[in-house]
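Fold and geometry: a report
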Amino acid sequence: MDLLAFAGIFAAVKELQTPTIKPLTLSLSAKGAADIEKGNKFFLAGNFKDASAAYDDASVANDNSPVPWINGGLSAKELGKLGIAKLAMNTAFHMGDQSVKGKVISAGIDLARKQFEPSKSKYQESLFINPNEPFGLLGFAQWNLKQAHLREGERFMWQGYRQGAPVVMDSKLHNENSQNVTGGTGDGSILVGGQMLSSDAATAYQAELLTQTVGGSALQQLVKLDFATNTPFGVLAGNHRGLQSDRPGTSMPSLFLPSSPGSRLDLRHTMIGLQNRIGDLTFHANYRQEFSSLRSFNFGPMVTDNRIHQYILETRYDSGQWMAGTGYSKVSKSSSLNPAIEPLEAIFPQGTTNMYNGYLVNRQDLNQNIKFTSGAIYTSARGTNQAGVMGQLAIRTFGNRYLRIGVKPGINRVQTNLGPINDMIGSLGTNPLDRLESSALEFNRDIALPSLNSRLTNTFVSLPLAANVLLSAFRNSFTNQNFIGTDPQTSSQLNTTRVTNGQVTGIGIESTSVISNATNLRLSATVQSSSGTYAGPTLSLTSGNPQPVKVTEMPNIPRFEASASFDWSTRSSTFALAAHYVGSRTQVVQSLNNGAIEPGGYVSRANPGTSIDAHFSLAIPSGGAFEVSLLNLSNNNFYPGFRSSRQVMIGYSTRM
C-alpha cells in the first residue's frame, strides 16, 4: 500500500483559537462549592492536574450536577487526556446539560479529537442560540481554520474578539438570582467569567510547522503563525500562512497539461488587524496581503501569478436587540497568468476595486420558546449594487433544539469581518472532499467562488424529529458563481466556470446519539440536485457567437452523500472510525475561459467514492497526547487524480 506519510512538528505556547472556559454552577453543596472554587484557582494558575482532582471531589459531593464533570472535561482536555474529557462531557449530557457553554466546550473537545462534523454541529447550535457568544465564535474560528476556510475563520475570530482577547478573568460562584459581577453571561446552570483581557496576560500566540511527503518524493511545507495582544488602542491580532508544494499527486495541474518534474507552487497569506470596542461601537481596521507563485518545470523561474492587497475599515453598533454596521474595503490585484489556488474566496478583476457595505439586523425573543430574526444587507462594488433581506422564525421543540424556517442572503463577504455571519449563508455548498485535516493546503477550497456581483439566497426548513434527529430541506438559488471544475487537491491551477444562474435543492437528515458515557454514534445523509446556465460555447465552434449553455449538474456537487461515525473512549485513549460516501459528480464544465474542447459538455466525471478513516489518541503520563490517523483506507476513488489516496498522519501535541 502506497501511503502518504506525514511528519509534523508542533509548538503551542498558549492556546489562541480555543480560549479557556471556566464553567460555574448555581446550585452546589457547600463542600462542592469549595472544591469547585479550589479547582478554579488551580485552573487559572495553569495547574490542571490539581484542578482535575478538585473537580473530581466536587463531582462526588454533587451527584446531580453536571458542572463538575464539565470542569473536569476542560482540565482533561488541557492535559491532553481526550478520553477522560469525552467521558466527562458524555456524563454531563446524560445528567441533563443543555447549556450553550456546554455545547461549546463539547465541540472543542470533539475538534481536538478530529471529529469535525459533530464539532461543527455543536458550534452551530450554540451560535444559533447566542450569535454573540465569544467562546463559540472563537471555537468555530478554529474549526474553519482547520477546514482550510481561512477567511471565514478570520471573520469568526474578529467577532469573538469584540470584547477583548480570549483570556478569562477570575470569577466567583453566584446564587440563583444574583448578578454576574465579572461580566459573564448565564446559561441555565452554567456561568462563565468575563472575557476581557487581563493586565497580566497581554499576549497569546501559537506556531505550527507541518512537513508532508507524498509517495516518498513530492513535498509540502506549511508554516502557521497566529497571535493576539492587548494594546492601549485595542486588540492587535494577525496570522501568517505560507505553503510551498511540489504538487503532490497531481495528474492535471493545469487543464490538459501534465505535471512536469521540478514544478513548484508557493502560496502566502499575511494578515494584521486592530480592533477596539468603545461602549456600543466596535472599530476595526485590517490589512491583508496574499500572493501565489508557480514554477512549471525544473530550473524554471518562479512566476508570480497573483498578488492581492486588501484594506478594510469597519464600524459596528450593538445595542439590545439591534445590530448595525458599515464598512469600506479596497482591493488591489495584479495577475500575469491563470492564478493558482486562490487564497481569497472571491475572484477579483485585475486593478483596484473599491467596495462598500452596510447591514441592519434585529433579533426578537418573542418568549422563551420563540425567536424571530429579520434584517437586510447592502453591498456595492465597481458600480454593482446589491441588497438582500434575511428572516428566520425559530420555535423550541426538544431541549435547545428548534424548528427553524427562514431565508438567508449570500453576498460577497470578503469585504467585511464584522458583518452578521450567522444570519447569512456562507457558501453555495460543502466540498465533500474537504472534511478531513488531511492536507497542508490550508487555503479555501469551496465548491464555488463568488464574483463581485454574485447573489445567493438560501431558503430552508430545519425540523427536529427528536432530541437527537434533525431533518432539513433547502434550496440555494444563485447568480454569477465561479464553480471550481476540478478538485483543487488534485490541481494547483484554479480552473473555474462562470455559472450565470442556477439552483441546488436538497434534503438531509442527521442523527447524533450519546449511546453511553464511552460511545457515540453519528449518521447523516444528503440528497440534492443542481442545475444552471453558463456562458460557454455552443456545439458549433464556427458560429462565432457563443450562447448560454444549460447544464443539469454543477461541478463537484454530488447527488448523494452519506456519512457514519462511531467513537469510543477510555480514561487514557479515544478511538473513532468514520466512513463517508460521495456520489458521482462532474469534475470540469468547459467554458470559453478554459478552452473549447468538448464544447457545451463535460470534460470528465468522477465516479462514486468511499472514504474510511480511523483516528486514535493516547494520553501520555507526562502530559500531552500521541495521535495516529489513518485516512481513506478504502482507497476507492475518493480523491480522483492522486497517485496515492491512502494517508497516515502521526503527531504529538503538548502544552508548553
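Predicted model only: the values in this text are computed from it and were never measured.

Considerations on the pairing of strand 7 (residues 234-245)
Summarising burial for strand 7: nine of the twelve residues are buried, a large majority. Strand direction decides the pairing type here: strand 7 and strand 8 (residues 264-278), joined by eleven bridges, are antiparallel. Bridge pairing in strand 8 links Arg241 to His269.

Quick notes on the pattern of salt bridges
Summed over all chains, the structure comprises 19 salt bridges. Arg401 is paired through a salt bridge with Glu125; the nearest N and O atoms lie 3.9 Å apart. Of the two residues, Arg401 sits in strand 15 (residues 401-410) while Glu125 sits in helix 6 (residues 116-129), which places them 276 residues apart along the sequence. Its salt-bridge partner being Arg241, residue Asp226 comes within 3.4 Å of it at the nearest N-O pair. Highlighted residues: Asp226 in strand 6 (residues 218-231) and Arg241 in strand 7, separated in sequence by 15 residues.

Some remarks on unusual backbone geometry
Here the phi dihedral of Lys114 falls at roughly 65°; this positive angle occurs in a residue that is not glycine. Relative to the assigned elements, Lys114 resides in the loop between helix 5 (100-112) and helix 6. One non-glycine residue, Arg382, lies in positive phi territory at about 50°. Its location among the elements puts Arg382 in the loop between strand 13 (370-381) and strand 14 (384-398). Taking relative accessible area as the criterion, Arg382 reaches 42% and is therefore assigned partly exposed.

So, the side chain of Asp266
By secondary structure assignment, the location of Asp266 is in strand 8. For Asp266, the side chain forms a polar contact with the side chain of Arg268, separated by 3.3 Å. Not counting the four nearest positions on each side in its chain, Asp266 is found in contact with Leu243, Gln244, Phe291, Ser292, Ser293 and Met302.

So, the confidence of the model for the protein
Predicted confidence across the protein gives a mean pLDDT of 76, with 74% of residues reaching 70 or more. Low pLDDT (under 50) marks residues 248-258, which in the prediction has 33 contacts with non-local residues, meaning those over four places away or in another chain. Per-residue pLDDT stays below 50 along residues 538-542; that stretch engages in eight contacts with residues further than four places along the chain or on separate chains.

Some remarks on helix 7 (residues 134-146)
Across its 13 residues, helix 7 extends 19 Å between first and last C-alpha, which sits within 8% of the 18 Å expected from 1.5 Å per residue. Extensive coverage of helix 7 is indicated by the burial of twelve of its 13 residues. Capping the start of helix 7 is the job of one residue whose side-chain oxygen sits 2.9 Å from the backbone nitrogen of Phe135: Glu133. A positive backbone phi angle near 70° is found at Ala148, which sits one or two residues after helix 7.

A short note on the nonpolar core
Counting residues in each nonpolar core, the largest one holds 34 residues, and the members touching the most others are Tyr123, Phe156, Met157, Trp158 and Tyr161. Of all the secondary structure elements, the ones that give two or more residues to this core are helix 5, helix 6, helix 7, helix 8 (150-160), strand 7, strand 12 (351-367) and strand 14. At six residues, helix 7 tops the list of elements feeding residues into this core. Beyond its immediate chain neighbours, meaning those up to four positions away, Trp158 contacts Val235, Ala237, Met271, Gly273, Leu274, Gln275, His284, Asn286, Asn417 and Leu418. Judged by nonpolar contacts, the second largest core, of 16 residues, contains Ile36, Leu79, Ala85 and Ala92.

A look at the side chain of Asn520
Topologically, Asn520 is positioned in strand 19 (residues 519-534). A polar side-chain atom of Asn520 sits 3.0 Å from a polar atom in the side chain of Asp567. In this structure, Asn520 is in contact with Lys86, Asn90, Ser513, Val514, Ile515, Ser565, Phe566 and Asp567, ignoring residues within four places of it in sequence.

Regarding the packing of helix 3 (residues 67-78) against helix 4 (residues 82-94)
Close contact between helix 3 and helix 4 brings their axes to 8 Å; oriented N to C, the two are set at 165°. In terms of orientation, helix 3 lies roughly antiparallel with respect to helix 4. Judged by the twist between their axes, the crossing of helix 3 over helix 4 is left-handed. Contact residues: Trp69, Ile70, Gly73, Ala76 and Lys77 in helix 3; Leu82, Ile84, Ala85, Ala88, Met89, Thr91 and Ala92 in helix 4.

Cut-offs and rules
The residue numbering used here restarts from 1 in each chain and proceeds along that chain's sequence as written. For a predicted model such as this one, the threshold for reporting local features is a pLDDT of at least 70, and the threshold for listing and counting side-chain atom pairs is 80 or more; totals across whole chains, interfaces and linings nevertheless cover every residue. Side-chain measures here rest on the full set of heavy atoms in the structure, leaving out hydrogens and waters. Think of it in three bands: residues with accessible area under 20% of the maximum for their type are buried, residues over 50% are exposed, and the middle band is partly exposed, with areas taken using a 1.4 Å probe on protein chains only. The helix count covers DSSP runs of H or I at least four residues long, the strand count covers runs of E at least two residues long, and both are numbered beginning at the N terminus. Only strands joined by at least two bridges in the DSSP assignment are considered to pair. Any carboxyl oxygen of Asp or Glu within 4 Å of a side-chain nitrogen of Lys or Arg constitutes a salt bridge here. Under this definition, polar contacts are N or O atom pairs within 3.5 Å; protein pairs additionally need one hydrogen-donor-capable and one acceptor-capable atom, and for neighbouring residues in sequence, both atoms have to be side-chain atoms. We call two residues in contact whenever any of their non-hydrogen atoms come within 4.5 Å of each other. As a per-residue quantity, pLDDT reports the predictor's confidence and falls between 0 and 100. Helix span is expected to be 1.5 Å times the residue number reduced by one. Definition of nonpolar core: a set of buried residues of the types Ala, Val, Leu, Ile, Met, Phe, Trp, Tyr and Cys, connected through side-chain atoms within 4.5 Å. In this analysis an axis means a line fitted to C-alpha atoms, helices contributing only their contacting stretch, and an angle means the value between N-to-C directions, from 0 to 180 degrees. What sets the label is the angle itself: under 35 degrees gives roughly parallel, over 145 gives roughly antiparallel, 65 to 115 gives roughly perpendicular, and the rest give oblique. Put simply, a crossing is left-handed when the front helix is turned counterclockwise from the back one by less than a right angle, and right-handed when it is turned clockwise.

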